[in-house]
Amino acid sequence: MKKLFLLLFAAITTATFAQDKINIESGNFDFLKDQTEVNVQFKFENPLFQADNYTEAQYLERRKTETLAKKGEQSWKEWDEEWQKHKESVFFDKFIEGVNGKAKKIKFTKGASAKYTLILHTKWIYAGWTGFVTQPAKLSSEMIFVETENPSKVLTKVQGDKIEGIGSKGSYRMEYGRISAAYEKTGKELGKAIKNALK
């Protein structure tokens with residue numbers, strides 16, 4: 001009975017982790033074979049949050065209420081400033097750091113004058129938590145490769161499905177730190193897929 005339980009647990013765990021990857025929805029990476037640089041754009045437009053699919057406004061309101069009750073106005077102000085900073089630049093930078101760390105031969109850069117552009121759309125975020133056990137943040141995203149001069153020309157579309165922010169050296173103490181790690185891991189997964197496809 002114990003062996004059966006362990007086998008069942010292993011099967012469930014394997015199935016769960018199998019979803020923690022990127023999936024190529026359409027196209028391939030062949031167009032990148034002779035490229036050395038790719039432009040990157042970041043879109044954070046109306047993502048959903050947590051298992052309840054809150055809007056960002058709903059998520060922040062709940063976080064604000066919790067912080068004010070436990071730590072006061074100053075703590076909320078500091079948290080909100082960090083959130084805005086992460087949303088505007090840190091999440092994006094972590095993604096780029098992740099993809100560049102794995103893709104190797106191709107440099108992904110903001111504002112590059114490259115033939116192709118990668119557009120990263122944030123779709124869903126799960127913030128995770130810390131405590132006796134740490135629950136990593138998860139990120140679902142859509143990554144679309146287009147021609148820079150003709151953005152309507154989609155070459156490849158990739159889905160990131162609930163990728164967990166594990167393996168990052170960042171701070172897991174606050175939500176934005178854990179979420180940053182999920183962006184970095186998403187970048188790493190994309191970078192690995194590109195590297196493997198172009199061997």
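On a predicted model such as this, the values are computed, not experimentally measured, just so you know.

## Thoughts on helix H2 (residues 56–70)
Taking 1.5 Å of rise per residue, 15 residues should cover 21 Å, and H2 covers 21 Å from first to last C-alpha, within 8% of that figure. Glu56, Tyr59, Leu60, Arg63 and Thr67 are the residues of H2 that are buried. Looking down the long axis of H2, one finds its buried residues gathered within 90° of arc, a one-sided arrangement. Exposed and facing more than 90 degrees away from the buried side of H2 are Ala57, Arg62 and Ala69.

## A closer look at the packing of aromatic side chains
Tallying each qualifying case throughout the model produces 16 aromatic pairs. Considering the side-chain rings of Phe31 and Tyr116, the 4.8 Å spacing of their centres and the 70° angle between planes classify their relative orientation as edge-to-face. Here Phe31 is found in the loop between strand E1 (22–26) and strand E2 (37–43), whereas its partner Tyr116 is found in strand E5 (residues 116–126), with 85 residues between them in sequence. In this structure, Phe31 and Tyr116 share a single accessibility class: buried. Here the aromatic rings of Phe42 and Phe92 are separated by 5.0 Å at their centres, their planes lie at 15°, and the arrangement is stacked. You can see Phe42 sitting in strand E2 and its partner Phe92 sitting in helix H3 (residues 73–103), a full 50 residues away along the chain. Given the relative accessible area of 6%, Phe92 is considered buried. What links up through ring pairs into an aromatic cluster is the set Phe42, Phe44, Phe49, Tyr59, Trp76, Trp79, Trp83, Phe91, Phe92, Tyr176 and Tyr183. In this arrangement the basic side chain of Lys162 is found over the ring face of Trp124, its NZ or CZ atom lying 5.8 Å from the centre.

## Notes on the pairing of strand E6 (residues 138–147)
Burial within E6 is extensive, with nine of its ten residues counted as buried. Sheet topology places E6 next to strand E7 (residues 150–164); nine bridges connect them, and they run antiparallel. Its bridge partner being in E7, Glu147 is matched across the sheet by Asn150. Between E6 and E7, which pair antiparallel one after the other, the connecting turn spans two residues.

## Concerning the pairing of E7
In the sheet, E1 pairs with E7 via four bridges, with the strands oriented antiparallel. Directly across from Ile24, in E7, lies its bridge partner Val158.

## Things to note about the packing of H3 against helix H4 (residues 175–197)
Two quantities define a packed helix pair, namely the angle between the helix axes and the distance between the axes. One can describe the packing of H3 onto H4 by two numbers: an axis separation of 7 Å at closest approach and a directional angle of 20°. The pairing of H3 with H4 is recorded here as roughly parallel in orientation. Handedness of the H3/H4 crossing: right-handed. Residues that form the contact of H3 with H4 fall into these classes: eleven nonpolar, six polar and nine charged.

## With respect to unusual backbone geometry
Backbone geometry at Asn53 places phi at a positive 55°, although glycine is not the residue there. Looking at the secondary structure, you find Asn53 in the loop between strand E3 (48–49) and H2. For Asn53, a relative accessible area of 41% corresponds to the partly exposed category. Of note in this structure, Lys104 is not a glycine but carries a positive phi near 65°. Looking at the secondary structure, you find Lys104 in the loop between H3 and strand E4 (107–110).

## Regarding the nonpolar core
Counting residues in hydrophobic clusters, the biggest one holds 41 residues, and the most contacted among them are Trp83, Phe95, Phe108, Phe145, Tyr183 and Leu190. Contributing elements (two or more residues each) for this core: E2, H2, H3, E5, E6, E7 and H4. It is H3 that contributes the most residues to this core, nine residues altogether. Excluding residues that lie within four positions of it along the chain, Phe108 makes contacts with Val38, Val40, Ile96, Val99, Asn100, Ala103, Leu118, Phe145 and Ile194.

## What to know about the confidence of the model for the protein
Per-residue confidence for the protein averages 90 on the pLDDT scale, and 88% of its residues sit at or above 70. In the model, residues 2–18 has pLDDT below 50 throughout and makes one contact with residues more than four positions away in sequence or in other chains.

Calculation notes
- Residues numbered from 1 in each chain as written.
- Predicted model: local features only at pLDDT ≥ 70, side-chain atom pairs only at ≥ 80, totals over all residues.
- Heavy atoms only, no water.
- Helix = DSSP H or I, 4+ residues; strand = E, 2+ residues; numbered from the N terminus.
- Expected span 1.5 Å × (residues − 1).
- Buried < 20%, exposed > 50% of the residue type's maximum accessible area, 1.4 Å probe, protein only.
- Arc of directions from axis to C-beta.
- Phe/Tyr/Trp six-rings, centres within 6.5 Å; stacked < 30°, edge-to-face > 60°.
- Lys NZ or Arg CZ within 6 Å of the ring centre and 35° of its normal.
- Pairing = 2+ DSSP bridges.
- Axes fitted to C-alpha atoms, helices over the stretch in contact; angles between N-to-C directions.
- Parallel < 35°, antiparallel > 145°, perpendicular 65-115°, else oblique.
- Left-handed = near helix turned anticlockwise from the far one by under 90°.
- Nonpolar A, V, L, I, M, F, W, Y, C, P; charged D, E, K, R; others polar.
- Core = buried A, V, L, I, M, F, W, Y, C linked by side-chain atoms within 4.5 Å.
- Contact = heavy atoms within 4.5 Å.
- pLDDT = per-residue confidence, 0-100.

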